[in-house]
Amino acid sequence: MKVALISYEVYPFAKVGGLADVVGALPKYLEKLSVEPIVIMPKHKIVEKNAEKFLYTLEKVKGDIEVPFLKTDEKFDIYKTTIPRTNVPVYFIANDYYFSADEVYEGPDLAEQAIYFSAAVLETLKVLNLPIDVLHVNDWQTGLIPVYLKSLYKDDEFFGKIVTLLTIHNLGYQGIFGSKYMEFSGLPSYLYNIDGIEFYGKINFLKGGILFSDIINTVSPTYAMEIQTKEYGEKLDGVLRLRSSDLYGILNGIDYDEYNPETDRRIYVNYSLNDIEKKYENKKLLQKDLGLPVGENIPMIGMITRLVDQKGLDILSEVLRYIVNYNVQFVILGTGDEKYEDMFRKMEEEFPENISANIKFDINLAQKIYAASDMFLMPSRYEPCGLGQMYSLRYGTIPVVRYTGGLADTVLEYDEKKMIGNGFGFVEYGSSQLLKAVAKAIDFYRNKKVHWKKLVDNAMKTDLSWERSAKEYIKLYNKAMSKRV
Ligand SMILES: Nc1ncnc2c1ncn2[C@@H]1O[C@H](COP(=O)(O)OP(=O)(O)O[C@H]2O[C@H](CO)[C@@H](O)[C@H](O)[C@H]2O)[C@@H](O)[C@H]1O
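Criteria and thresholds
- Residues numbered from 1 in each chain as written.
- Predicted model: local features only at pLDDT ≥ 70, side-chain atom pairs only at ≥ 80, totals over all residues.
- Heavy atoms only, no water.
- Helix = DSSP H or I, 4+ residues; strand = E, 2+ residues; numbered from the N terminus.
- Core = buried A, V, L, I, M, F, W, Y, C linked by side-chain atoms within 4.5 Å.
- Buried < 20%, exposed > 50% of the residue type's maximum accessible area, 1.4 Å probe, protein only.
- Domains from an automatic or database assignment.
- Contact = heavy atoms within 4.5 Å.
- Axes fitted to C-alpha atoms, helices over the stretch in contact; angles between N-to-C directions.
- Parallel < 35°, antiparallel > 145°, perpendicular 65-115°, else oblique.
- Left-handed = near helix turned anticlockwise from the far one by under 90°.
- Nonpolar A, V, L, I, M, F, W, Y, C, P; charged D, E, K, R; others polar.
- Patch = residues over 30% accessible without salt bridge, like charges linked within 9 Å, V, L, I, M, F, W, Y side chains within 5 Å.
- Areas by Shrake-Rupley, 256 points an atom, 1.4 Å probe, with all protein chains shown as cover.
- Salt bridge = Lys/Arg side-chain N within 4 Å of Asp/Glu carboxyl O.
- Lys, Arg positive; Asp, Glu negative; His and termini not counted.
- Charge placed at Lys NZ, Arg CZ, Asp CG, Glu CD.
- UniProt positions renumbered as here; feature names shortened; annotations may be inferred.
- Near = heavy atom within 4 Å.
- Polar contact = N/O pair within 3.5 Å; in protein donor to acceptor, adjacent residues only side chain to side chain.

### Here's the deal with unusual backbone geometry
Point 1. Here the residue pair Tyr 11 and Pro 12 is connected by a cis peptide bond, since its omega of 10° sits within 30 degrees of zero.
Point 2. For Pro 12, the location among the structural elements is in the loop between strand S1 (2–6) and helix H1 (18–32).
Point 3. The phi torsion at Tyr 200 lies on the positive side, around 50°, for a residue other than glycine.
Point 4. In this structure, Tyr 200 sits in the loop between strand S9 (198–199) and strand S10 (202–204).

### Here's the deal with the nonpolar core
Point 1. Grouped together as the largest cluster of nonpolar side chains are 173 residues, with contacts concentrated most on Leu 316, Phe 330, Phe 344 and Tyr 477.
Point 2. Examining the composition of this core, we find that ten residues originate from one element, helix H3 (residues 110–127), more than from any other.
Point 3. When residues of this core are sorted by domain, at least three fall in each of domain 1 (2–253 + 467–481) and domain 2 (273–464).
Point 4. Discounting chain neighbours no more than four positions away, the residues touching Phe 330 are Ile 301, Met 303, Leu 316, Leu 320, Phe 344, Asn 354, Ile 355, Ser 356 and Leu 377.

### Some points on the packing of helix H9 (residues 277–290) against helix H12 (residues 363–372)
Point 1. At a minimum axis distance of 8 Å, the contact between H9 and H12 shows a crossing angle of 130°. Comparing their axes, H12 and H9 come out oblique. The way H9 lies across H12 gives a crossing that is left-handed. Seen from H9, the contacting residues are Lys 279, Asn 282, Lys 283, Leu 286 and Leu 290; seen from H12, they are Leu 365, Lys 368, Ile 369, Tyr 370, Ala 371 and Ala 372.
Point 2. Here the residues of the contact of H9 with H12 sort into seven nonpolar, one polar and three charged.

### Some words on a negative patch on the surface
Point 1. There is a patch of like negative charges on the surface, built from Asp 64, Glu 66, Asp 73, Glu 74 and Asp 96.
Point 2. Here Asp 64 lies in strand S3 (residues 59–65).
Point 3. We classify Asp 64 as exposed; its relative accessible area is 60%.

### What about the environment of Val 308?
Point 1. The topology assignment puts Val 308 in the loop between strand S13 (300–307) and helix H10 (313–324).
Point 2. What makes Val 308 buried here is its relative accessible area of 13%.
Point 3. Each C-alpha atom of the pair Val 308 and Tyr 340 lies 7.6 Å from the other, and the pair is 32 residues apart in sequence.
Point 4. Among residues more than four places away in sequence, those in contact with Val 308 are Tyr 173, Leu 313, Asp 337 and Tyr 340.

### A few points about the UniProt feature "domain: Starch synthase catalytic" (unreviewed entry) in the chain
Point 1. As annotated in UniProt, the feature "domain: Starch synthase catalytic" (unreviewed entry) corresponds to residues 2–241 in the numbering used here.
Point 2. Annotated as residues 2–241, this span is 31% helix and 23% strand, and its ends, taken at the C-alpha atoms, are 30 Å apart.

### So, the site of the ligand
Point 1. Taken together, 30 residues sit near the ligand, with His 169, Arg 306, Tyr 370, Glu 383 and Gly 386 positioned nearest.
Point 2. Contact distances for the ligand include 2.9 Å between an oxygen atom and a side-chain N or O atom of Asn 252.
Point 3. A distance of 3.4 Å separates an oxygen atom of the ligand from a polar atom in the backbone of Pro 384.
Point 4. In isolation the ligand has 720 Å² of accessible area, and contact with the protein removes 96% of it.

Take a look at the structure:
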């Protein structure tokens, strides 16, 4: 089975959030299960910069390719490499006008960029003559690909048998742009209506993907249910209910090679369950590096996230000062909305001994925080899957979460009597509920050492491997292929 995974972000070439991790890891595990995956992504500026750091080389395989249908003369080149330590080919769509901004989601026009990329992906398959069974597209940036396939390309023999799977990593980002882009896209005007890609007088790229893909999935079973409700549906719940018989939830895995406390070179001291005391060496070294008071027994709460409303930062801001009153250290790493960046900077000024605000994107520091912290906070308003809680479990760091989406599917409230469970959490979204859950975790850490040890043990033994998820994806690919006419 030949599968092309299409994404705007793929680790290690370009990463903004969890999407990159997923599309970087899944093909590796598909390959082990005898699927033949390829990956296609834009050649963002950062892709060249990362080549040295992650030791890959980019080879130009074809140049000056035109994109039919689109209202543009911009041509693109194709570059190629492989995902490090695999044989998975990665093709890059290169165009200086569209993909030369410093950041992935910057540039002259995000809508045009995504349309251009989508159409260029189909041309790439064709000009390189890559026979594909399944096109696995991800998030809004690629949502128009199934629309192109089922409209402009529907009589093209090359694409005759290709089926599509859309993975929704985050329904909060849909790619909604003005109707003027209909013209640029070259898509037939009959698609601009309520049963097509029109959405309240605009175009919605993700809606296109939802309606035109053969199968759809989101990144956890709970989120797959939630998004069909008004509360979580972001105005697409109706469309999702329409497709509910083709809508699945598959929990992401994590890359056990990249995220392994026994071998991770980005952390200070490697450790495993058998020498867990070395984990606390990581804490002391991080405290020193961040200029916090050094002490093995000071509870450290970590948080690594994009600083956006989704992540529960409004309720956290209401209670952060009460949390630090418990004499804990709170270490945040993140970038995003200015109001949250400022809020954390100010809190750090006010509580320099308790709060370390690291407002930047830093993959190495992220690993150090996963390894050093005792607890990891994710009070998300909604969370399609969430990777942070999974990485922290793997590093023996106890997640404190709001039970929603994938957080509800991966974190189980610790049960003192049965000694099962791997974390703590709360259900109703609110600051007092959050504070209560954090206080409970701190109490266990300080006063119930035997249970804490068991928690760490349970956390590190939680099965979060990609093998399980990759097998589920293969089932979906087969389901999609059974829909071939
Ligand atoms: N400043 C920073 N420096 C270094 N690393 C940083 C960082 N900020 C974030 N990260 C890293 O980015 C990743 C974030 O992944 P998440 O899954 O937690 O959230 P995200 O909302 O981006 O992903 C979306 O897609 C994923 C993938 O499907 C879903 O799990 C999730 O629920 C959905 O919202 C983690 O690897 C984290 O360590």
